[in-house]
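Spelled out, the chains give:
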Amino acid sequence: MPATVDPSPETPGPPTRQAQTRQAQTRQAQTRQAQAQPSETPLARTRRARRIVRILGEVHPDARIALNFTTPLELIVATVLSAQCTDKKVNEVTPTVFARYPSAAAYAGADRAELETILRPTGFFRAKANSVIGLGAALVDRFGGEVPRTLEELVTLPGVGRKTANVVLGHAFDTPGITVDTHVGRLSRRFGLTTQDDPVKVEADLAALIERKDWTIASDRMIFHGRRICHARRPACGACAVAKLCPSYGTGPTSEIEAAKLVRGDVEAAR
Ligand code: SF4
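As the structure is a computational prediction, the values presented were derived from the model and not from experiment.

1. Structural notes on the site of the ligand
Then, in step 1: Around the ligand, a shell composed of 14 residues is seen, among which Cys 230, Pro 235, Cys 237, Cys 240 and Cys 246 lie nearest.
Then, in step 2: Split into classes, the residues belonging to the shell around the ligand amount to 10 nonpolar, 3 polar and 1 charged.

2. Quick word on the environment of Arg 221
Then, in step 1: Relative to the assigned elements, Arg 221 resides in helix H12 (residues 215-228).
Then, in step 2: Take Arg 221: there are 25 C-beta atoms within 10 Å of it, and that puts it in the buried class.
Then, in step 3: Once residues lying within four places of it in the same chain are set aside, the contact partners of Arg 221 are Val 53, Leu 56, Gly 57, His 60 and Ala 63.

3. Comments concerning unusual backbone geometry
Then, in step 1: For Gln 84, which is not glycine, the phi dihedral falls at a positive 55°.
Then, in step 2: Of note, Gln 84 is situated in the loop between helix H3 (72-81) and helix H4 (87-100).
Then, in step 3: On the neighbour-count criterion, Gln 84 (10 C-beta atoms within 10 Å) is exposed.
Then, in step 4: Within the chain, Asp 174 stands out as a residue other than glycine whose phi angle is a positive 55°.
Then, in step 5: By the secondary structure assignment, Asp 174 is in the loop between helix H9 (162-172) and helix H10 (182-190).

4. What to know about the confidence of the model for the protein chain
Then, in step 1: Overall, the predicted model of the protein chain reaches an average pLDDT of 88, with 84% of residues at or above 70.
Then, in step 2: Mean pLDDT across the elements of the protein chain bottoms out in helix H14 (residues 266-269) (52) and peaks in helix H5 (residues 104-108) (98).
Then, in step 3: A low-confidence stretch, residues 1-15 (pLDDT under 50), is modelled with 1 contact involving residues beyond four sequence positions or located in other chains.

5. A word on the UniProt feature "binding site: [4Fe-4S] cluster" (unreviewed entry) in the protein chain
Then, in step 1: The UniProt record annotates "binding site: [4Fe-4S] cluster" (unreviewed entry) at Cys 230, Cys 237, Cys 240 and Cys 246. Considering the C-alpha atoms alone, the annotated residues occupy 17 residues of sequence yet fold into one spot, their largest mutual distance being 11.0 Å.
Then, in step 2: Mapped onto the elements, Cys 237 comes out in the loop between H12 and helix H13 (256-260).
Then, in step 3: Under the C-beta neighbour-count criterion, Cys 237 is labelled buried, with 26 such atoms within 10 Å.

6. Description of H3
An α-helical turn contains 3.6 residues, so a residue and the one three or four places further along point in the same direction.
Then, in step 1: The element H3 is largely enclosed, with a buried count of 8 among its 10 residues.
Then, in step 2: Residues Leu 73, Leu 75, Ile 76, Val 77, Ala 78, Thr 79, Val 80 and Leu 81 constitute the buried set of H3.

Procedures and definitions
Residues numbered from 1 in each chain as written. Predicted model: local features only at pLDDT ≥ 70, side-chain atom pairs only at ≥ 80, totals over all residues. Near = placed C-beta within 6 Å. Nonpolar A, V, L, I, M, F, W, Y, C, P; charged D, E, K, R; others polar. Helix = DSSP H or I, 4+ residues; strand = E, 2+ residues; numbered from the N terminus. Buried ≥ 20, exposed ≤ 12 C-beta atoms within 10 Å, placed from the backbone. Contact = placed C-beta atoms within 7 Å. pLDDT = per-residue confidence, 0-100. UniProt positions renumbered as here; feature names shortened; annotations may be inferred.

The structure is reproduced here in structure tokens:
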């Protein structure tokens, strides 16, 4: 087996000014976070969370689910296909999928090889074909071919976890649901609205802070903010409309010029 090569120099030189600035920004952000959380009352946190959701609505008035669908069945299939895949890619494939398989029974009886070929561009196509066939069969066997309307029933379906179930509830049935994907989890922690990593616990913390009627739209807005501004690696803090409400301000560049370069538009963010 080849030896692992350590890319770092054996004797590191002095940190560059850029690295020093970044370290200082991270330290500031950590200090703010540590200072902000304990002193904040539950009421103050609730008010702050709701203001954040409101402001994000002004900044991202177009926030909505990025997957294309017209029925609950189409949405649940599209959501299953979106695992480890961009919404843009899923939207390229689903017109063919939806036309070929118009009902739960059609998925249940799908030719596996043909379905796998259609799903190939979305990645993990064998597992996804399995899930979609199993999903169709379960819907036919247990729900008369219809997508069920409760979280408890939805999560019993193959390939459907709590995240997918909440997406379907919120967007196909107008039943408020908090979708904790990677963006919602990260932003909730940066906002200091949770300290949890487990999506179920994050969901519970958010549910306690945000009005129930806003659960779905709050998730959509946070997802848009995560894609466009508050990126995982270098959030564009200097271009962030909720900076004053965010204890993690300073995690990314605070200079307006530097931050503006990090902001992603619709096309890049959808990738
Ligand atoms: S971009 Fe910066 S200020 Fe804005 S939410 Fe993210 S960490 Fe907070």
